[in-house]
Amino acid sequence: SEGEDFTMEISCKDCSIGIVDQQGFDPTEPTGDYDLDMKDVFSRSVLISLLRIYMVGKGEFNKLKNDPGGRNALYDGKPYRITLPTVTFLEKSGKYKTIINPDESDWTVPDHGVLAFSFTSTRTRDEVDDALDIHSYDRLVDSFTDKESVHGQRKEAIDV
């Protein structure tokens, strides 16, 4: 009835969610300081994920303080610039335009050493909220508004 407190339990059992480690990388919340061991496959995949976010203009590698060269990382303790290759093409307007090359096979990332840097997400709050598609959101809301729920009874995970 109205005004009663209730407890809701949500289970992610068998829903294909796993944790790699307790400080795992979350691409929806990429802002942070990173120290990546580049011989580690997971570390290289984190860097590639951040490069993808950077490529679409939703994040940036922060410049090192007091570095006149504008570099944005330390590689084995020395200033280093994380960059992506670019391509230039002629637009219909007759002007040249240079963009980051989206072909990941042309990207190079170190395969050894330690890469340390700071990354900031530039996504807006609305963009972060849109990470759950509308169909999944509607299913989730429907599961919470189920009028037949019984106090103290476990609610099974929904299939989104």
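Residues numbered from 1 in each chain as written. Predicted model: local features only at pLDDT ≥ 70, side-chain atom pairs only at ≥ 80, totals over all residues. Heavy atoms only, no water.

Q: What should I look at first to understand the environment of Thr124 in this one?
A: By the secondary structure assignment, Thr124 is in the loop between strand 7 (114–121) and helix 2 (125–129). Accessibility expressed as a relative area gives 43% for Thr124, which makes it partly exposed. In the structure, Thr124 is positioned 66 residues away from Lys58 in sequence and 8.7 Å away in space, judged by C-alpha atoms. (Helix = DSSP H or I, 4+ residues; strand = E, 2+ residues; numbered from the N terminus. Buried < 20%, exposed > 50% of the residue type's maximum accessible area, 1.4 Å probe, protein only.)

Q: Sorry if this is basic, but what is going on with the pattern of salt bridges here?
A: Oppositely charged side chains are able to pair whenever their charged atoms sit close together. Overall, the coordinates contain two salt bridges when judged by the stated rule. Among the salt bridges present, the one from Arg52 reaches Glu104, with a minimum N-O distance of 2.7 Å. With Arg52 in helix 1 (residues 41–55) and Glu104 in the loop between strand 6 (96–100) and strand 7, this pair connects stretches of sequence that are 52 residues apart. For the salt bridge of Arg71 with Asp67, the shortest nitrogen-to-oxygen distance reads 2.8 Å. (Salt bridge = Lys/Arg side-chain N within 4 Å of Asp/Glu carboxyl O.)

Q: Would you mind going over the side chain of Asn72 with me for this structure?
A: Examined against the element boundaries, Asn72 turns out to sit in the loop between strand 2 (59–61) and strand 3 (73–75). At 2.7 Å, the side chain of Asn72 and the backbone nitrogen of Ile82 are in polar contact. (Polar contact = N/O pair within 3.5 Å; in protein donor to acceptor, adjacent residues only side chain to side chain.)

Nothing here speaks to function; it is geometry throughout.
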